[in-house]
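The chain contents come next:
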Amino acid sequence: MLAPNQPSAASLPRPLAKRRLLWGGATASSQYEGAFSAGGKGLDTQDVRPYLPRTSNATTATRLLTRSAVERAKSDTAGTYPFRTASDGYGHLDEDIALLKELGIDIYRFSISWARLFPNGDEQEPNAEGLAYYDRVFSAVRNAGMKVFLTLTHYALPLNLVESYGGWTSRVLIGFYVRFAQVVFERWGEFIDFYLPFNEINAGYFSPWNGVGLIKPEDGPYNQSDVFQSLHHQFVASARVIEMQRRVAPACQSGCMVADFCYYPHTCSPEDNLKTIREEQVNQWFAIDVLARGFYPTYMDRFFTEHGIRIELKSDDLEVLARHTCDFVSISYYQSSVCSTNETAEHTAGNLVCTVKNPYLQATEWGWQIDPIGLRTALNKLYDRVHKPIFISENGMGARDVLERDNGSAVVHDPYRIDYLTRHFEQIDEAVADGVDVIGYIMWGVIDIVSAGSCEMEKRYGVVYVDADNHGNGTYERIKKDSFTWYRDFISSRHGNEE
Ligand code: BG6
């Protein structure tokens, strides 16, 4: 019996029609393909990053390259440059796509190597051998019955664009980029379901070599005006690509992507809370506000003034950004983060940023704090902010897997990864029940790839093991881990339940 003022069921808003979630897996060209000089490919920004044995300095040194480091890399024949061989995806294409088909994923996320299509980045015409390679990739994925989630650029930038133009500080890159993207949409647009103009666009701020192709000064930090000018050029390039794609390949869905840090205040002090909000704005929401909502948020004015940052805008830039916002938003989510005004608080590593340690969470061997509930929180906050469908375009557990022999067969037992995924998937279901419009989930590095942060092979995310070490030694054989069977069964149970 209804109470007097209680609405009847007929007058309640109808629940949103639930989507059938897409389950996927991802690689990125530079971390996966290898074959760095095959088929006329040019050198790119990842090919010159060396493997350096793990210390905190090594991670920074291989992520933030100086001019002398680049020069050294170009003529170095003795050092290890993991992205040059990566997982040899180039040489294992058919085998890998067959494995993904067996896994049963709905959607495969991969990226195009800009330098394979335009070796120097600034040519008028694309490289025919690069086109032929991606013809094979797109048709293999299509024939395996998977949808395509394409990242146009995942960190790797033709090195010539850095050396001759100063990377994304230069506005001319927008034109080169739109030309590259137009070739992609004209040739493969019919195969592409979802796409991102840039991977984790906020990475440009934390990792300017990977994100925006900036050379680090030999002694000292980056010039922050260069960093934010470069980001501005990437924002305009994103909007221009979306504008062009809507003419050339209107069925594709355009997205934007940030690394989501899911910030918590360390204490309930007003100071910690305010700091959390500010970090969240600058580090995470800024790019989302520009690309998904179409405007430069006012909170950046103060940040720019306080940091002496000046950006040059062309007269129609703001209008272009306002008119060509993306269709969906997406995040990578690996860990939550903690903000504190206490400068002596203990820190730990995370994706792109270090964070204060959270005593309630465990961490991976690399210090990234595991927080499945944080994923639900992140999804809710993002959806509240933009009200656009969300794709979880990266998540997964980087771990040191051990290849063993069991009655002569190669096996990898990775219960920790199965536990990680199970707990994150539960929280995706909770977020959907909260009303968040989630399109799908994509597991990062579904086939083992080289780490983008630290250039290691031993930090593995995949459900398929690749037999190679940090120095590129190994057979490159593919071995299904225990998590392969687990993920395959999970996806198939989802399909069964939803049919
Ligand atoms: C994201 C990147 O930052 O995190 C990926 O988009 C990267 O390229 C992933 O591989 C995991 O980071 P890492 O440093 O463990 O490879």
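Basis of the calculations
- Counting restarts for each chain, with residues numbered from 1 along the sequence as it is written.
- With the structure being a predicted model, the display of local features is reserved for residues of pLDDT at least 70 and the display and counting of side-chain atom pairs for 80 or more, all residues being used for whole-chain, interface and lining totals.
- Excluding hydrogens and water, the side-chain figures rest on all heavy atoms present in the structure.
- By definition, any uninterrupted DSSP run of H or I lasting at least four residues is a helix, any uninterrupted run of E lasting at least two residues is a strand, and each is numbered from the N terminus.
- Two things to know: the radius of gyration comes from C-alpha atoms, and the globule rule equals 2.2 Å times the number of residues to the power 0.38.
- We call two residues contacting when some pair of their heavy atoms lies within 4.5 Å.
- All accessibility values rest on the Shrake-Rupley procedure with a 1.4 Å probe; residue burial counts only the protein chains present in the view.
- Should DSSP find at least two bridges between two strands, the strands are regarded as paired.
- The axes used here are C-alpha line fits, helices contributing only the stretch in contact, and every angle between their N-to-C directions lies in the interval 0 to 180 degrees.
- Near is defined per residue: the residue qualifies when any heavy atom it owns lies within 4 Å of the molecule or strand.
- The definition of a polar contact used here is a pair of N or O atoms within 3.5 Å, where within protein one atom must be able to donate a hydrogen and the other to accept one, and adjacent residues in sequence count solely through side-chain atom pairs.
- Put simply, Ala, Val, Leu, Ile, Met, Phe, Trp, Tyr, Cys and Pro go in the nonpolar bin, Asp, Glu, Lys and Arg in the charged bin, and everything else, Gly too, in the polar bin.
- Here the expected span of a helix is defined as 1.5 Å times the quantity of residues minus one.
- Only protein chains enter the calculation, and the probe is 1.4 Å; a residue is then buried if its accessible area is under 20% of its type maximum, exposed if over 50%, and partly exposed in between.
- Ring pairs shown here join Phe, Tyr and Trp side chains whose ring centres sit within 6.5 Å, with only the six-membered ring taken for Trp; geometry is labelled stacked below 30 degrees between planes, edge-to-face above 60, and tilted in between.
- Geometrically, a lysine NZ or arginine CZ counts as sitting over a ring once it is within 6 Å of the ring centre and also within 35 degrees of the ring normal.
- When a carboxyl oxygen of Asp or Glu is within 4 Å of a side-chain nitrogen of Lys or Arg, the pair counts as a salt bridge.
- Take the seven residues that end at a residue and the seven that start at it, fit an axis to each, and the angle between those axes is the bend at that residue.
- The scheme is simple: roughly parallel for angles under 35 degrees, roughly antiparallel for over 145, roughly perpendicular for 65 to 115, oblique for anything else.
- By convention the crossing between two helices is left-handed if the near helix lies anticlockwise of the far one by an angle smaller than a right angle, and right-handed if it lies clockwise.

Visitor: Explain the overall build of the chain to me, and be specific about the residues and the numbers.
Guide: If you tally the helices and strands in the chain, you get 18 helices and 16 strands. The globule rule puts the C-alpha radius of gyration for 499 residues at 23 Å, and the 22 Å found for the chain is close to it. Overall, the C-alpha framework of the chain stretches about 80 × 65 × 55 Å when taken along its three principal axes. Across the chain, contacts joining residues at least 24 apart in sequence account for 77% of those joining residues at least 6 apart. Working note: accessible area of the chain is about 20,100 Å², and carbon and sulfur atoms make up 50% of it.

Visitor: Summarise the sheet that holds strand S3 (residues 147-153); cite the residues concerned and give the values.
Guide: Pairing is parallel in the closed barrel, where eight strands are placed in the order S1-S2-S3-S4-S5-S7-S11-S14. Strand after strand, the sheet turns through a mean of 25 degrees between neighbouring axes, direction not considered. As paired elements, strand S4 (residues 194-198) and strand S5 (residues 253-260) share two bridges and run parallel to each other. Following the sheet pairing, Tyr195 is matched in S5 by Ser254. Docked against the sheet, helix H7 (residues 128-143) engages strand S2 (107-111) and S3, running at close to 165 degrees with respect to S2.

Visitor: Describe the site of the ligand, listing the residues and the values that go with them.
Guide: Taken together, 15 residues lie around the ligand, and Gln31, Glu200, Glu394, Lys459 and Tyr461 are the ones closest in. Asn199 places a polar side-chain atom, nitrogen or oxygen, 2.9 Å from an oxygen atom of the ligand. Asn351 places a polar side-chain atom, nitrogen or oxygen, 2.9 Å from an oxygen atom of the ligand. Expressed as a share of its isolated accessible area of 380 Å², the protein-covered part of the ligand is 97%. Looking at the shell around the ligand, its residues break down into six nonpolar, six polar and three charged.

Visitor: Please provide a residue-by-residue account of the environment of Lys41, values included.
Guide: Considering the arrangement of structural elements, one finds Lys41 in the loop between helix H1 (29-32) and helix H2 (56-63). Residues Lys41 and Leu117, spaced 76 residues apart in sequence, show a C-alpha to C-alpha distance of 7.2 Å. When sequence neighbours within four positions are dropped, the list of residues in contact with Lys41 reads Ala35, Phe36, Asp47, Ser113, Ala115, Arg116, Pro119 and Asn127. A polar atom in the side chain of Lys41 sits 3.4 Å from the backbone oxygen of Phe36.

Visitor: Can you tell me about H7, naming the residues and giving the values?
Guide: Side chains of residues three or four places apart in an α-helix project in the same direction, reflecting 3.6 residues per turn. Its 16 residues place the ends of H7 22 Å apart at the C-alpha level, agreeing with the 22 Å of an ideal helix rising 1.5 Å per residue. Those residues of H7 that fall on the buried side of the exposure criterion are Gly130, Leu131, Tyr133, Tyr134, Val137, Phe138, Ala140 and Val141. In this structure, the buried side of H7 is in contact with H1, helix H5 (93-103), S2, helix H6 (114-117), S3 and helix H9 (172-188).

Visitor: So what's going on with the pairing of strand S14 (residues 438-443)? Which residues, and what values?
Guide: Counting buried positions over the six residues of S14 gives six, a clear majority of the element. Where strand S1 (residues 22-26) and S14 come together, four bridges link them in parallel fashion. Its bridge partner being in S14, Trp23 is matched across the sheet by Tyr441. In terms of strand pairing, strand S11 (residues 390-394) meets S14 through three bridges, oriented parallel. When the bridges of S14 are listed, Ile392 appears paired with Tyr441.

Visitor: Which residues make up the packing of aromatic side chains, and what values do they have?
Guide: One pass over the full model with this rule turns up 46 aromatic pairs. Where Tyr334 meets Tyr461, the ring centres are 5.8 Å apart and the plane angle is 65 degrees; that geometry is what we call edge-to-face. One end of the pair, Tyr334, is in the loop between strand S7 (328-333) and strand S8 (337-339); the other, Tyr461, is in the loop between S14 and strand S15 (464-466), and 127 residues separate them in sequence. Using a relative accessible area of 6% as the deciding quantity, one classes Tyr334 as buried. Each residue in the set Tyr205, Phe206, Phe228, Phe235, Phe261, Tyr263, Phe286, Tyr296, Phe303 and Phe304 is aromatic and connected to the rest through ring pairs, giving one cluster. One residue, Lys459, lies across the ring of Trp368, its end atom 3.6 Å from the ring centre.

Visitor: Residues and numbers for the side chain of Asp401, please.
Guide: Along the chain, the position of Asp401 falls in the loop between S11 and strand S12 (403-406). If we skip the residues at most four places from it in the chain, Asp401 touches Val412, Asp414, Tyr416, Arg417, Arg460, Tyr465 and Lys481.

Visitor: How would you explain the pattern of salt bridges if you had to name every residue and give the values?
Guide: When the charged atoms of two side chains with opposite charge come close together, those side chains can pair. Within the structure shown, the criterion is met by 37 salt bridges. Across the salt bridge formed by Arg400 and Glu458, the nearest N and O atoms sit 2.6 Å from each other. Note that Arg400 is positioned in the loop between S11 and S12 and Glu458 in the loop between S14 and S15, a separation of 58 residues in sequence. Overall, Glu458 belongs to the partly exposed group, its relative accessible area being 23%. Across the pair Lys481 and Asp448 runs a salt bridge, and its minimum N-O distance is 2.9 Å. Taken together, the residues span a long stretch of sequence, with Lys481 in the loop between strand S16 (478-480) and helix H18 (482-498) and Asp448 in the loop between S14 and S15 at a distance of 33 residues. Through salt bridges with shared partners, a single network forms among Asp401, Asp414, Arg417, Asp448, Arg460 and Lys481.

Visitor: Residues and numbers for unusual backbone geometry, please.
Guide: A positive phi angle, near 70 degrees, is found at Leu352, a position not held by glycine. The phi dihedral of Cys455 falls on the positive side, at around 60 degrees, and the residue is not glycine. As for its position among the elements, Cys455 is in the loop between S14 and S15.

Visitor: Please give an account of helix H13 (residues 270-293) that cites residues and values.
Guide: An ideal rise of 1.5 Å per residue puts 34 Å on 24 residues; H13 reaches only 28 Å between its terminal C-alpha atoms. Its axis deflected by about 60 degrees at Trp285, H13 carries its strongest bend there.

Visitor: Talk me through the side chain of Asn127; I want residue IDs and the actual numbers.
Guide: With respect to the secondary-structure elements, Asn127 resides in the loop between H6 and H7. Not counting chain neighbours up to four residues away, the residues in contact with Asn127 comprise Gly39, Gly40, Lys41, Arg116, Leu117 and Pro119.

Visitor: Requested: an account of the packing of H5 against H7, with residues and values cited.
Guide: How two helices pack is summed up by the angle between their axes together with the distance between the axes. At a minimum axis separation of 10 Å, H5 and H7 run at an interaxial angle of 20 degrees. Compared by their axis directions, H5 and H7 come out roughly parallel. Between H5 and H7 the crossing geometry is right-handed. Listed contacts from H7 to Leu93, Asp94 and Ile97 of H5 are Tyr133, Arg136, Val137, Ala140 and Val141. When the residues that make up the contact of H5 with H7 are grouped by side-chain class, the tally is six nonpolar, no polar and two charged.

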